[in-house]
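Listed here are the chains, written in short residue letters.
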Amino acid sequence: MSTRTKWMILAPLGLLLFSFGLTVLSEAAHQRRIGEPTQVWVVLGLYSLALINGGLIMFGEALRFRILLDVRRETRRSMRQLLRKVNLKAASGKHKSGKKAKSPTKTD
């Protein structure tokens, strides 16, 4: 699977999981407020904690893949520019004759 595909899958899933975890956390708080037994709202709170952390981890991985895509793109761009410069210098060196260039500061 490509890096771009991983990023496009993990980012929305991570946000969705995080949001769902917040919703479950809200429900746990509501259960506590209405006087449900402690076991009910504690289990819901732990479940929400797992969902929130899982969502953050997935989104963090997606962010890592996106940064990797950007770094690769910039590296390729700079390599192409460097290659172009090298090719231009090599091409200009072949066409010059063996004469020395005049200094721009010297006058005859």
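These lines cover the structure that appears in this document, whether it is placed above or below.

Our focus in this paragraph is the overall build of the protein. Helix and strand counts for the protein come out as two helices and zero strands. Here the protein holds 108 residues, and the buried ones make up 14% of them. Taking the contacts inside the protein whose residues are at least 6 apart along the sequence as the reference set, 74% of them involve residues at least 24 apart. Total accessible area on the protein is roughly 9000 Å²; 64% of this is exposed by carbon and sulfur atoms.

On the surface, Met-1, Ile-9, Leu-13 and Leu-16 cluster together into a nonpolar patch covering about 430 Å² of accessible area. Of note, Met-1 is situated in the segment before helix 1 (3–33). The exposure class of Met-1 is exposed, given its relative accessible area of 71%.

In this fold, Thr-3 is placed in helix 1. With near-sequence residues (within four places) excluded, Thr-3 lies in contact with Phe-65, Leu-68, Leu-69 and Arg-72.

Considering the arrangement of structural elements, one finds Ile-57 in helix 2 (residues 38–95). Ile-57 sits in the exposed class, given a relative accessible area of 58%. Note: C-alpha distance between Ile-57 and Leu-15 (42 residues apart in sequence) is 10.0 Å.

A rise of 1.5 Å per residue sets the reference length of helix 1, with its 31 residues, at 45 Å; its end C-alpha atoms lie 45 Å apart and thus fit the reference within 8%. Of the residues trailing helix 1, Gly-35 is marked for its positive phi of about 95°.

Here we come to the packing of aromatic side chains. Under the counting rule described, the total for this entry stands at zero aromatic pairs. The ring of Trp-41 has Arg-32 lying over it, and the distance from NZ or CZ to the ring centre is 5.0 Å. For Arg-66, the ring lying beneath its charged end belongs to Trp-7, and the centroid distance is 4.6 Å.

Summed over all chains, the structure comprises four salt bridges. With a closest N to O distance of 3.2 Å, Asp-70 and Arg-73 form a salt bridge. One end of the pair, Asp-70, and the other, Arg-73, are both in helix 2, three residues apart, so they sit about a helical turn from each other. Here Glu-74 and Arg-77 are joined by a salt bridge, their closest N and O atoms 2.7 Å apart. In this pair, Glu-74 and Arg-77 both sit in helix 2, three residues apart, roughly one turn of the helix. On the accessibility criterion, Arg-77 (37% relative accessible area) is partly exposed. Taken together, the shared-partner salt bridges in this structure form one network comprising Arg-66, Asp-70 and Arg-73.

Rules used in this analysis
- Residues numbered from 1 in each chain as written.
- Predicted model: local features only at pLDDT ≥ 70, side-chain atom pairs only at ≥ 80, totals over all residues.
- Heavy atoms only, no water.
- Helix = DSSP H or I, 4+ residues; strand = E, 2+ residues; numbered from the N terminus.
- Buried < 20%, exposed > 50% of the residue type's maximum accessible area, 1.4 Å probe, protein only.
- Contact = heavy atoms within 4.5 Å.
- Areas by Shrake-Rupley, 256 points an atom, 1.4 Å probe, with all protein chains shown as cover.
- Patch = residues over 30% accessible without salt bridge, like charges linked within 9 Å, V, L, I, M, F, W, Y side chains within 5 Å.
- Salt bridge = Lys/Arg side-chain N within 4 Å of Asp/Glu carboxyl O.
- Expected span 1.5 Å × (residues − 1).
- Phe/Tyr/Trp six-rings, centres within 6.5 Å; stacked < 30°, edge-to-face > 60°.
- Lys NZ or Arg CZ within 6 Å of the ring centre and 35° of its normal.

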